[in-house]
Amino acid sequence: MLNLIKKKLNSGMGKDIVWTFALQITIMLCSFAVTKLLASRLSIDDFGQYNVVKRSVQVLSFVMLAGVGIALPRYIPLYRHDSPPKRIVPLLSASLIYIIGVSLTVFTGCMLFSGQMQHYIIGQSDNMGLLLVALGYAFALAMAQVVYAYYRGTGDFKWYNGTQLAVQLAIVLPLILLPVLTVSNVFVSWLIITSLLVSFFLGRELWQRRNSLFPVSTPDSPISTHLKTIVKYSSGRLMADFFLFSLAAFPLIYISNTQGLQSTAYYSVGITFVTMVTPVFSFMGIILLPYVSECIAKHELSKANRLINRLALFYLGASLLAIATLLLFTEFLTRLLFADSYVAASDVTRIMILSILPQAIYLLYRNPIDAVSVIPYNTIILGICLAAMVVAFGLSTTLAQFAWAYAGVSILQGFLSYAIWHIIRKA
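Residues numbered from 1 in each chain as written. Predicted model: local features only at pLDDT ≥ 70, side-chain atom pairs only at ≥ 80, totals over all residues. Heavy atoms only, no water.

1. Notes on the overall build of the chain
So, point 1. The helix and strand tally for the chain stands at 17 helices and 2 strands.
So, point 2. Residues counted as buried form 52% of the 427 residues belonging to the chain.
So, point 3. Pairs at least 24 apart in sequence give 81% of the contacts found in the chain among residues at least 6 apart.
So, point 4. By element, 68% of the accessible surface of the chain is carried by carbon and sulfur atoms, the whole surface being about 18,500 Å². (Helix = DSSP H or I, 4+ residues; strand = E, 2+ residues; numbered from the N terminus. Buried < 20%, exposed > 50% of the residue type's maximum accessible area, 1.4 Å probe, protein only. Contact = heavy atoms within 4.5 Å. Areas by Shrake-Rupley, 256 points an atom, 1.4 Å probe, with all protein chains shown as cover.)

Structure, rendered in structure tokens:
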């Protein structure tokens, strides 16, 4: 058994798993540090607004990304293992054209309805400057995701994880060095830092591929063909990204408008606990999408399915262990990661911690589903869950009820992803 484990870890995929797991844990610790610094240095109301802006920026960035973050890891392996292999340079060019077009559309829409957008995105109706910063930061994050998706698709997981870690470490610095923290200067500093780092990483790839990165066409395949490929696959995933991050942003936006910023801050403690743990379960999905795509190209889907079944058992045990640990040490961890004033949210936090198991299940199956089918099943799953959340929140009046609504929607999300994978893999 030990020899088998050693053999697996020494394999190409085994090394990718170990490297990804180690760096994703480090990234998670950086997230802990960011949360602790902000909770300690911002007032409760400012911390509540920070969480509203943060979730809104995440939604905007993935709308601007327009599904390309999933398309590149799927199509790069398919292009490289096709017979004969296809060049990926036109695919990258088409992806950038698509993202810029979608981002300009989002920016124009936000400017045309700036009054309403300020209210929903930043939780205020008289702060145009912060809205512009949020839009700029969202685009910077979208471009960062393009970099990550490129390295993920090429199988270069050292650079995939290393670029993410560099960004996470860099955004911690202003939280330590700035003499006074406000919601505005936090996001301005993050916008500048992220833009500089993304420019560096993109510049590196541009230099390495300086002779062929942006060809108008190839002899056998015009760039419009690759653009159609990206649009066909990504357009359905665009709404999936919107739904996914709306599931995180909607609760905070809704509660801030109905219960106030203090309640939003308390509720965000529970969401933060969940979102700081679930990246541990998403790390395998990072590898699974290009891996399953490669298996499809080689007609070896049964091999991928065996791996996923084994991972399902591991995810079940690991998520139950995480839930038990967090439930046992909720108050201690709240004091450690936030501040004593947030212990009042412990009961709500315990309810939301139960969401880790079904969200882990969803994170396991979502990438294999996207690899197997062009049909955007994840969009359908997330659309149903978002609709269920809106209804459940509309019927809730207390923070505890909002917490149970969040947990219930997570259970629905996990069940649907499990069911759809077992249906489409047999098709």
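There is more to say after this.
2. Some points on helix α14 (residues 346-353)
So, point 1. Extensive coverage of α14 is indicated by the burial of 6 of its 8 residues.
So, point 2. Within α14 the residues assigned to the buried category are S346, V348, T349, I351, M352 and I353.

3. Examining helix α6 (residues 114-121)
So, point 1. Those residues of α6 that sit buried are S114, Q118 and I121. For α6, the arc enclosing every buried residue in end-on projection is 85°, short of the 170-degree limit, so these residues lie on one face.
So, point 2. Buried positions along α6 lie against α3 (44-65), α5 (89-112) and α7 (128-154). (Arc of directions from axis to C-beta.)

4. Some thoughts on the pattern of salt bridges
So, point 1. What the rule picks out here adds up to 3 salt bridges.
So, point 2. Among the salt bridges present, the one from R350 reaches E331, with a minimum N-O distance of 3.8 Å. Separated by 19 residues along the polypeptide, R350 in helix α14 and E331 in helix α13 (residues 330-337) bring together distant segments of the chain.
So, point 3. Taking the shortest distance from any N to any O, the salt bridge between D340 and R335 comes out at 3.5 Å.
So, point 4. According to the relative accessible area criterion, D340 is exposed, its value standing at 57%.
So, point 5. For R335, a relative accessible area of 40% gives the class partly exposed.
So, point 6. The network of salt bridges with common partners includes E331, D347 and R350. (Salt bridge = Lys/Arg side-chain N within 4 Å of Asp/Glu carboxyl O.)

5. A few points about the confidence of the model for the chain
So, point 1. Taken residue by residue, the chain gives an average pLDDT of 82. The fraction at 70 or more is 90%.
So, point 2. Scored below 50 in pLDDT, residues 1-11 makes 5 contacts in the model with residues more than four places away or belonging to other chains. (pLDDT = per-residue confidence, 0-100.)

6. Examining the side chain of Q359
So, point 1. One can find Q359 in helix α15 (residues 356-372).
So, point 2. Residue classification places Q359 among the buried residues on the basis of a relative accessible area of 13%.
So, point 3. Ignoring sequence-local partners within four residues, the contact set of Q359 consists of V274, T278, Y406 and S410.

7. Quick look at the nonpolar core
So, point 1. Counting residues in each nonpolar core, the largest one holds 134 residues, and the members touching the most others are L38, F47, Y50, W190 and Y267.
So, point 2. Element by element, the count of residues in this core is highest for α7, at 17 residues.
So, point 3. In this structure, W190 is in contact with V34, L38, Y50, Y137, I171, P174 and L175, ignoring residues within four places of it in sequence. (Core = buried A, V, L, I, M, F, W, Y, C linked by side-chain atoms within 4.5 Å.)

8. Quick notes on the packing of aromatic side chains
Centre-to-centre distance and the angle between the planes together describe a pair of aromatic rings.
So, point 1. One pass over the full model with this rule turns up 27 aromatic pairs.
So, point 2. Ring centres of F47 and Y342 lie 5.6 Å apart, and the angle between their planes is 75°; on these two criteria the pair is classed as edge-to-face. Of this pair, F47 sits in helix α3 while Y342 sits in the loop between α13 and α14, placing them 295 residues apart in sequence.
So, point 3. We note R74 situated over the ring of Y75; from NZ or CZ to the ring centre the distance is 5.1 Å. (Phe/Tyr/Trp six-rings, centres within 6.5 Å; stacked < 30°, edge-to-face > 60°. Lys NZ or Arg CZ within 6 Å of the ring centre and 35° of its normal.)

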